[in-house]
Structures are given as structure tokens and as C-alpha cells.
Amino acid sequence: MRKPKTSSKDRKILCIGAGYVGGPTMAVIAAKCPEYTVRVVDIDKGRIDAWNSKNLPIYEPGLDGLVEKARGRNLFFSTDVKKAIDESGIIFVSVNTPTKTFGEGAGMAADLQYWEKTARAIVECSHDDKIVIEKSTLPVRTAEAMHRILQSNNKGLNFDIISNPEFLAEGTAVRDLENPDRVLVGSMASRSGKAAAAKIADIYAHWVPREKILLTNVWSSELSKLVSNAMLAQRISSINSVSALCEKTDADIDEVAKAVGMDSRIGPKFLKAGVGFGGSCFKKDILNLVYLCRFYGLEEVAQYWSKVVEINEYQERRFVLNMIRSMFNTVAGKKIALLGFAFKADTGDTREAPAIYIARKLVEEHAEVSIYDPKAMENAKSDLKDIAGRINFARNHIECVKNTHAVAILTEWREFTTYDYRRIFDSMEKPAFIFDGRNILDRNALFKIGFNVHSIGKSPMRNI
Ligand code: UDX
Ligand code: ADP
């Protein structure tokens, strides 16, 4: 007969992977559920040391305070993965799942090697039944594979797999976790699967209203995560595609987005045209979705979602081409300042940032590029290390723009709106161009100063 589940372990939560998702999620669970013990483990000792220090490995508003309060009370960080597995009844898995860079599905499918290693470690170190929760974004039906690995144990143990995707965005992670639009808990249809889902729902119910906790089957939960990100990205590609049309027709993309977004069925969010979306999730999740559609022979559906990524790449390409064309068809030997390198404001993260492509393309065109970003300079240097000798990484915006022919805004940092653009204009070569890739500046004021102003989805304003 099966051993009954050790109930004391139901209050012992473990998270494997102390990264961007695991760290903040566990900090919030520990803060909201004082009767649970929450352990976070990682194979990266440096990361764990940082979680145990004053300088946490990631910056998120509100996170320091949460960790400081719970750490040592019911929140613990360590590298002892094996012992922690044995001692916990509920195990969140939040290890990295990058896009595969080799073999079948390279460039599209998720690389599940870390996930699989973790599943095998769980099998090896467990001596009683456990609930295992997918927290990393994973391709649909991964749970099935994981379930098979976990059930392959010859110790007679039962593992219930739950899909509980995260929806947090960078810069608002704590707020998103504390006030989620919804929490998804996907489980198998079996009795023990449903019981496991109820236990996970009970954790979130400490601070999330029950009606926002959706109990679904595992596949719906996994797919909902990919589709949410794909649809957000699709809105951005939709508005960016229309921005190209606006530039040809004298319509203004911000006016169009406002008018369209006021339709309550459409809504105003995620309709800001720009240089394209970046970040660690959107492209990866869409490519996963595309791979999944192809796997099931749904070529038309795969092509539909592929276009969202293609339009994003088109938007980045279009931005650079527009710079070249506007500057008399050549940027060779011209100095160009890029203000902003992060994929969005309020973060130093540059993963998939449009700025990477734009900087590389300008260097390829023999422009002399200089870059300034308030938070992302170290990442910018590392992203461009193979061409670092051809780029000036400036210490401040004044140094960055000095003697340049053009300034391009690539990230919507608020501080860029507060600069003295008269002074910037005076320090530049003439005619001075400004390419506002985020539509955050007052273009009429810039035009009056004397700039040639190029915005996204608006007709250019030329002094010369
Ligand atoms: C996203 C999702 O929002 C989050 O739910 C998911 O869990 C992870 O992926 P994140 O990557 O942190 O979060 O950033 P987000 O704020 O969504 O922005 C993504 C990109 O889209 C940024 O490059 C941003 O500049 C761009 N964007 C966003 C636009 O270009 N226009 C918009 O209107 C909104
Ligand atoms: P995410 O954004 O999904 O949180 P991160 O890359 O920030 O991804 O974090 C994933 C973490 O998982 C990393 O700190 C990595 O060291 C950790 N990790 C990967 N494999 C294992 C493993 N087998 N055991 C424990 N931790 C792991």
C-alpha cells in the first residue's frame, strides 16, 4: 500500500532556481504565508551568496524590504539542493529554459536540459510523495515528459505535477505578484492531481481572491502562458506595423493608438509604437508556440504567429534604414548617439533589446556610435564586446551626444525627457537629427530648437 503523504512537509516549500522568477515569487510567498517555510536553492553559489547579502542579485522595487523581513525567519537561501528536496513536500521548479542553440528545434524550441536534470535530482533525493510545480515557462506538454521521468522512480513514490506559470514583468515583479490579474493552477485530472492543485491554490489564497485563482488542466495552463505573451507581443507588432503606414500617410500613430484603444473592447494598454519589443520572454515564447504548431502540423497557425516576430524585426530594420535615408543616404563616418540600451525603462536588462541590432547595424554602416544608458552600460558592453573597440560607451548623456550628427532614443527612460535639448543641439554637428524611437520627446519644441525630428509613426519635421 502507498504511504500516506507526510503532512508536515506540506508546509515546507522549496524552489529550485533562485533566478528572476524564483527569487521574487518565493519572497512574496514567504511574506504572505508565515506558517510555511520557504527554501530557495540554486547551483550557482554566487547567486545564493547575493540573496543572503544586502546586495540582492536582482533589483525590483519593494523586493529588498520583503527579503529582509522574511530571510532567516521563514525564507532561506542555500546551495544544498539534495537535502532541501528531501525535506520539502512542495517543490517549485524555476530553472532556466533558454531557447535551444543546437540540434533539433535550434533557435525555436526550449532547451529543457536544466529542467530534466532537476527532475532527475528530485527523483534521486525523494523518500516520500511530492508536489512538483512548473514555474519556468515551458513548452506545452512538458509536464507530461516530466511526469514520466518522475514516475520512473522505483521507490513507489507519487509525484503530482502542477503548472503554475508566472506573469510578472520586470520592474513591477513584486506588484504583479502581490496583485495578480489571475493565478493559474493546472493539474492532472486524477484525484491526487486535484488535491495537489487545491494545496497550491490554498497558498495563493492567503492574499489572492479565490475568484482570481483559476484551476485548469495542465495543458491549458501551460498554453495560456505562451498565448498571453504572444498576444501582448502581437498588439505591439500590430501597432508598429500601422506606424509604418502612418509615416507614409501623415496620420499620427499616437492619435490612432489613442482612438483605437478607447474602444473598450480593445483597451489602451500595450499599444505604444516604438523600435520593437525586447525582453527575455516575448520572442522566446512566440518561437515556442510556433515550434509547437509546426510539431502538430499546423503550418498556417505557425506562420501567423511567426509574423509577430518578423514584424518586430522589420520595425528594428526600418528604424535604422530611416536613419540612413534621412541623413542623406549615408551614416559612414558620422557620429551617432544612442540614448538607452535596456529593452525597456527602469531596468538594466538588455536581453533581446532592439538597441543591440540597431547599434550593430550602424557600426556595420561605418557610423561612429556612442551609447549611454542610466542602468544598462555593463550589459551593453558585454552584448557588443566583439565590436567594443568601435563604440564609445559614454559616462553621461552630455559626453554621449557631443559632436554627433544624430541622437536616437531607444529606451523610454524618463530622464531623457528632462534633458536640456537646446544645450544638446548646440553641442552637435549641423544639421542635427533626432530619431525618437519611443515617441517620448516634445517634437514641436525640438523642431523649434532647430532639430530635424523623426518620430515613430509620424511625418518627419525638417528644418534643413
Ligand atoms: C513580459 C510580460 O509583460 C510578462 O507578463 C511576462 O511574464 C514576461 O514578459 P517584460 O518582458 O518584463 O514582461 O516586459 P514588458 O513590460 O511586457 O515589455 C516587453 C517589451 O515590449 C519591451 O521592450 C517594451 O518596451 C515593449 N513594449 C511594451 C512596447 O514596445 N510597447 C508597448 O505598448 C508595451
Ligand atoms: P528565470 O528568469 O526563469 O528565473 P534565471 O536564469 O534568472 O531564469 O534563473 C534560473 C536559475 O536556475 C539560475 O540561477 C540557475 O543557476 C538555476 N539552475 C539551473 N539549473 C539548476 C539546477 N539543476 N539546480 C538548481 N538550480 C539550477
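Residues numbered from 1 in each chain as written. Chains lettered and ligands numbered in written order. Predicted model: local features only at pLDDT ≥ 70, side-chain atom pairs only at ≥ 80, totals over all residues.

Engineer: Give me the lowdown on the overall build of the protein, citing residues and values where you can.
Structural biologist: Broken down by element type, the protein carries 17 helices and 14 strands. Relative to its length of 464 residues, the protein is compact, with a C-alpha radius of gyration of 25 Å against a globular reference of 23 Å. Based on the C-alpha atoms only, the size of the protein along its principal axes is roughly 85 × 50 × 45 Å. The buried share of the protein, reckoned over its 464 residues, is 43%. Taking all contacts inside the protein whose residues are at least 6 apart in sequence as the whole, residues at least 24 apart take part in 72%. (Helix = DSSP H or I, 4+ residues; strand = E, 2+ residues; numbered from the N terminus. Rg over C-alpha atoms; globule rule 2.2 N^0.38 Å. Buried ≥ 20, exposed ≤ 12 C-beta atoms within 10 Å, placed from the backbone. Contact = placed C-beta atoms within 7 Å.)

Engineer: Explain the site of ligand 2 residue by residue, including any values.
Structural biologist: Close contacts around ligand 2 come from 20 residues, with Gly17, Gly19, Tyr20, Val21 and Val95 the closest. Ranked by residues supplied to the shell around ligand 2, first place goes to helix H5 (residues 113–125) with three residues. Of the residues contributing to the shell around ligand 2, the split by class is nine nonpolar, seven polar and four charged. (Near = placed C-beta within 6 Å. Nonpolar A, V, L, I, M, F, W, Y, C, P; charged D, E, K, R; others polar.)

Engineer: How would you summarise the environment of Val218 if you had to cite specific residues and measurements?
Structural biologist: As for its position among the elements, Val218 is in helix H9 (residues 218–249). Val218 gets classed as buried once you count the C-beta atoms within 10 Å, which come to 24. Excluding its chain neighbours within four sequence positions, the residues that come into contact with Val218 are Ala143, Ile161, Ser163, Gly186, Ser187 and Met188.

Engineer: Describe the sheet that holds strand E14 (residues 452–455), naming the residues involved and giving the relevant values.
Structural biologist: Strand order in the open sheet formed by six strands is E11-E10-E9-E12-E13-E14, with parallel pairing between adjacent strands. Edge positions in the sheet fall to strand E11 (391–393) and E14, since each has one partner strand and no second. Across the sheet, the mean angle from the axis of one strand to that of its neighbour is 20°, orientation sign disregarded. As defined by bridge partners, strand E9 (residues 335–339) adjoins strand E10 (residues 368–372) across five bridges and the pair is classed as parallel. By the bridge assignment, Lys335 is partnered in E10 with Glu368. (Pairing = 2+ DSSP bridges. Axes fitted to C-alpha atoms, helices over the stretch in contact; angles between N-to-C directions.)

Engineer: I'd love a proper account of the environment of Val67, names of residues and values included.
Structural biologist: Here Val67 shows up in helix H3 (residues 63–70). Judged by C-beta crowding, with 21 C-beta atoms within 10 Å, Val67 ranks as buried. In sequence terms Val67 and Ile161 are 94 residues apart; their C-alpha atoms lie 28 Å from each other. Aside from chain neighbours lying at most four places away, what touches Val67 is Ala27, Leu56 and Leu75.

Engineer: Explain the site of ligand 1 to me, and be specific about the residues and the numbers.
Structural biologist: Close to ligand 1 lie 19 residues, the nearest being Ala169, Lys272, Phe277, Gly279 and Cys281. When residues of the shell around ligand 1 are assigned to their parent elements, the largest contribution, three residues, is made by H9. Grouping the amino acids of the shell around ligand 1 by side-chain chemistry returns eleven nonpolar, four polar and four charged.

Engineer: Account for the domain arrangement of the protein, naming residues and giving values.
Structural biologist: Assigned domains within the protein: domain 1 (7–208) and domain 2 (218–464). On a C-alpha basis, the centres of domain 1 and domain 2 stand 34 Å from each other. With 22 residues of domain 1 in contact, the opposing surface of domain 2 contributes 21 residues. Elements represented by at least two residues in the side of domain 1 that touches domain 2 include exactly helix H6 (142–151), strand E6 (159–163) and strand E7 (183–187). Ranked by the residues each element gives to the side of domain 1 that touches domain 2, the list is headed by E7, at three residues. Here the residues of the side of domain 1 that touches domain 2 sort into twelve nonpolar, eight polar and two charged. (Domains from an automatic or database assignment.)

Engineer: An account of the pairing of strand E12 (residues 406–409) is requested, with residue identities and associated values reported.
Structural biologist: Judged by which residues are buried, E12 turns out to be covered on both faces: Ala406 and Ala408 on one side and Val407 and Ile409 on the other are all buried. Alignment of E9 against E12, held across four bridges, turns out to be parallel. Across the sheet, residue Ala337 finds its bridge partner in E12, namely Val407. At this point the chain moves from E12, through helix H16 (residues 421–426), to the parallel strand E13 (residues 433–436), and the crossover so formed is right-handed. (Right-handed = clockwise from strand over helix to strand, strands pointing away.)

Engineer: Pulling in residues and values, what's your account of the nonpolar core?
Structural biologist: Counting 57 residues, the largest nonpolar core has Leu14, Ala27, Ala30, Ile91 and Val132 as its most contacted members. Considering each element in turn, this core owes the most residues, six residues, to helix H1 (residues 22–32). Apart from residues lying up to four places away in sequence, Ile91 is in contact with Leu14, Ile16, Ile85, Ile122, Lys130, Ile131, Val132 and Ile133. One finds Ala355, Val369, Ile371 and Val401 within the second-largest nonpolar core, a separate group that totals 45 residues. (Core = buried A, V, L, I, M, F, W, Y, C linked by C-beta atoms within 7 Å.)

Engineer: Any details on the sheet that holds strand E5 (residues 130–134)? Residues and values, ideally.
Structural biologist: Taken together, the eight strands give an open sheet; going across it, the order is E3-E2-E1-E4-E5-E6-E7-E8, and neighbouring strands pair in mixed fashion. Every interior strand has two partners, whereas the edge strands, strand E3 (75–78) and strand E8 (213–217), have only one. Sheet twist, expressed as the mean angle between neighbouring strand axes with direction ignored, is 25°. Strand contacts of H5: strand E1 (12–16), strand E4 (90–93) and E5, with the helix running at about 165° to E4, the strand carrying the most contacts. Sheet strands touched by H6: E5 and E6. Its angle to E6, the strand with the most contacts, is close to 160°.

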